[in-house]
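Structural features, examined
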Amino acid sequence: MTYVITQTCCNDATCVAVCPVNCIHPTPDEPDFGRTDMLYVDPAACIDCGACADACPVDAILPADALAAAGQEGYAEINAAFYEGRAPRPAAEGGPVLHSWGAPSFARTLPADFAPIRVAVVGTGPAGMYAAEDLLLHTGAEVTLIDRLPVAGGLVRYGVAPDHPATRRIGDTFARFHTHPRVRMYLGVDVGTDITAGELAAHHDAVVYAVGAAGDRRLGIPGEELPGCAPAAGFVAWYNAHPEVAPDMVDLSGTERVVVVGTGNVALDAARVLVADPDALASTDIADHALSALRNSAVREVVLLARRGPEDLACTAPELLALGRLPGVRLVVDDHDPRAWAAIEAAAPGDKAALLRTAERERVDWPGTPRPGSGGTGERRIVFRFHSSPEEILPGAVRVTGAAGPVGMAAGLVLRAVGYRGLPVAGLPFDEATGTVPHRGGRIEQTPGGYVVGWIKRGPSGGIGANRACAAETVSTLLADAVGGALPPPSGSARAFGRLVRRRVGQVVDARGLAAIERAERARGEASGRPRVKLGTVPELVAAARSRRPRAR
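Residues numbered from 1 in each chain as written. Predicted model: local features only at pLDDT ≥ 70, side-chain atom pairs only at ≥ 80, totals over all residues. Heavy atoms only, no water.

**Concerning the overall build of the chain**
- When you go through the chain residue by residue, the secondary structure sums to 19 helices and 23 strands.
- Taken over C-alpha atoms, the radius of gyration comes to 24 Å for the chain, in line with the 24 Å a tight globule of 553 residues would show.
- In terms of principal-axis extent, the alpha carbons of the chain reach across some 70 × 65 × 55 Å.
- The buried share of the chain, taken over its 553 residues, is 53%.
- Within the chain, contacts between residues at least 6 apart in sequence are counted, and of these 75% link residues at least 24 apart.
- Here the chain has roughly 24200 Å² of accessible surface; of this, 52% comes from carbon and sulfur atoms.
- In the chain, which carries 56 positive and 62 negative side-chain charges, the distance between the mean positions of the two groups comes to 7 Å. (Helix = DSSP H or I, 4+ residues; strand = E, 2+ residues; numbered from the N terminus. Rg over C-alpha atoms; globule rule 2.2 N^0.38 Å. Buried < 20%, exposed > 50% of the residue type's maximum accessible area, 1.4 Å probe, protein only. Contact = heavy atoms within 4.5 Å. Areas by Shrake-Rupley, 256 points an atom, 1.4 Å probe, with all protein chains shown as cover. Lys, Arg positive; Asp, Glu negative; His and termini not counted. Charge placed at Lys NZ, Arg CZ, Asp CG, Glu CD.)

This is the structure we're talking about:
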């Protein structure tokens, strides 16, 4: 029996570090690391020790004989397919089965006699927390964690779909650093509004910006500003109880068809949540208002609109595989263009397009309303329409291209899922073309002591684990600058910064306040049989942070 990596793989390569036989690839030092959908266990080399499963932060690694019970049988084939035609990795000469490790590397360290540096990390999502983790584990640095929201987590809290609870567990790994003795936390502080980038830099040796990509790309077509069109990123934030998204942002009560423009993971998340059984979502931490809207939803069909063909799907294979296994949901490929099904049939076993062979093939009547299939009126379905682009959004409809020319598609809601986009940070340079802060190895150009990590550094690409390697590069650059004397010394102390923040912001949340929010949300969840019920407004979060643990009697 071998172990198998499954859907929730976060790609942060923790499993690679503990594997005694080097059977998990790609590794961080291999060219295709960060370019594959996930990591893969070599079934021919795995010795069934289980070290990888114990180390996995998101419980993505299972024994092969447990896949059926988890409904993830296809992942054994996906893992094996990665190694087909690849040369085997040689074992250590003269050794048993264990492979020879490379020479140990300690690139991200400071000399033993180097005075501790003080580093601010702006953003508490995966990118910021991987950077903080690196600094805390490899150096004696003091770290200041800052976030404009009064709660930590970033995209782990507000970007991961509620039906992916295992993926959210990476947050537990980061949470252990919130109370680290060398960490100070200031949540609910907006750099650029409450304090300036210059003031932040004046109190720290270095500042790492991990602010992500809070904006979204536009379609650039007429009608995009109509009420029936919204960013998929906003929809994701809506069902995750983001405090800056109104509970009434989405009304699904009179909408039978939703069109999602794009085929990336965000598009698939939106489609999956829209057609999922609300009773199944009721056991997750989905926002209360979203659960209520989905219970009253009239949505029967979600269309995923793709400009290119199945061979160019933007989603990962694990997410596509999961989409075809939703209970009570039909997966359909619109047969309006013969190129689509031809590409599916021609796909090699390891190609994503091959996963659509189990989908139904149907010529859809787009001007009409969604019609149920053999499952009856309560049936829902997801339809892929390839080789199509939206041309204009109209009230209650969208006009799209097709093999036979434009076609009108009835749609009560259009979600654009064509990518996130970084936003400028006051006081920092910004590249409008890429939506990123210009940098070299993470070092912000013309900003001594300033660094970037995550999507604001490299653009909105890569999942949670990709930020680990990204953070390693930035921290390495930062430490090299520290040793080389390139960091401007701070003029203010840590205490002075704390006084400045609390003078500017009256409702700062610290680590104790964050723990109080956690307790409050879990208590609300326990009362309703859910893992947690999120507090969905800034006042609610701040009020919970100010509460205190009840005294023991």
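Back to the write-up after that little detour.
**Overview of the sheet that holds strand 16 (residues 390-394)**
- An order of 16-17-18 is seen for the three strands of this open sheet, with the pairing classed as antiparallel. The two strands at the open ends of the sheet, each matched to only one other strand, are strand 16 and strand 18 (407-410). Strand-to-strand twist across the sheet, computed as the mean angle between neighbouring axes with direction ignored, equals 25°.
- Judged from the four bridges that link them, strand 16 and strand 17 (residues 397-400) form a sheet pairing that is antiparallel. Counterpart to Pro390 in the pairing with strand 17 is Val400. (Pairing = 2+ DSSP bridges. Axes fitted to C-alpha atoms, helices over the stretch in contact; angles between N-to-C directions.)

**As for the pairing of strand 13 (residues 329-334)**
- Of all six residues in strand 13, six are buried; the element is thus mostly enclosed.
- Along strand 13, one buried face is formed by Val329, Leu331 and Val333 and the opposite face, lined by Arg330, Val332 and Asp334, is buried too.
- In this structure, strand 13 lies alongside strand 14 (residues 360-362), joined through three bridges in parallel fashion. Bridging across to strand 14, Val333 finds its partner in Arg361.
- Handedness of the strand 13-helix 14 (residues 338-346)-strand 14 crossover: right-handed. (Right-handed = clockwise from strand over helix to strand, strands pointing away.)

**Considerations on helix 12 (residues 288-295)**
- Within the sequence span of helix 12, burial applies to Ala290, Leu291, Ala293 and Leu294. Along helix 12, the residues classed as buried sweep out an arc of 160° about the axis, all on the same side. (Arc of directions from axis to C-beta.)

**Points about the nonpolar core**
- Ile24 and Leu39 are the most contacted members of the largest nonpolar core, which totals 75 residues.
- Ile24 has contacts with Ile5, Cys15, Val16, Cys19, Leu39, Tyr40, Val41, Cys52 and Tyr83, leaving out every residue within four places of it along the chain.
- By size, the runner-up hydrophobic cluster in this structure holds 53 residues, among which are Ala161, Ala241, Leu252 and Val258. (Core = buried A, V, L, I, M, F, W, Y, C linked by side-chain atoms within 4.5 Å.)

**Examining the packing of aromatic side chains**
- Following the criterion strictly, the structure yields eight aromatic pairs and no others.
- Ring geometry for Phe82 against Tyr83: centres 5.1 Å apart, planes inclined by 85°, an arrangement best described as edge-to-face. Across the pair, Tyr83 and Phe82 agree in class, each one buried.
- Ring centres 5.5 Å apart and planes at 5° place the aromatic pair Phe384 and Phe386 in the stacked group. Both residues of the pair, Phe384 and Phe386, belong to the buried class.
- Through pairs of rings, three or more aromatic residues link up here, namely Tyr40, Phe82 and Tyr83. (Phe/Tyr/Trp six-rings, centres within 6.5 Å; stacked < 30°, edge-to-face > 60°.)

**Some thoughts on the confidence of the model for the chain**
- Model confidence for the chain is summarised by a mean pLDDT of 91, while 93% of its residues fall at 70 or above.
- Within the model, the stretch residues 373-377 combines pLDDT values under 50 with five contacts to residues more than four positions away or in other chains. (pLDDT = per-residue confidence, 0-100.)

**With respect to the pairing of strand 19 (residues 413-416)**
- Side-chain alternation along strand 19 places Leu413 and Leu415 on one buried face and Val414 and Arg416 on a second face that is also buried.
- With four bridges joining them, strand 11 (residues 257-261) and strand 19 adopt parallel strand pairing. Along strand 19, the bridge assignment pairs Val259 with Val414.

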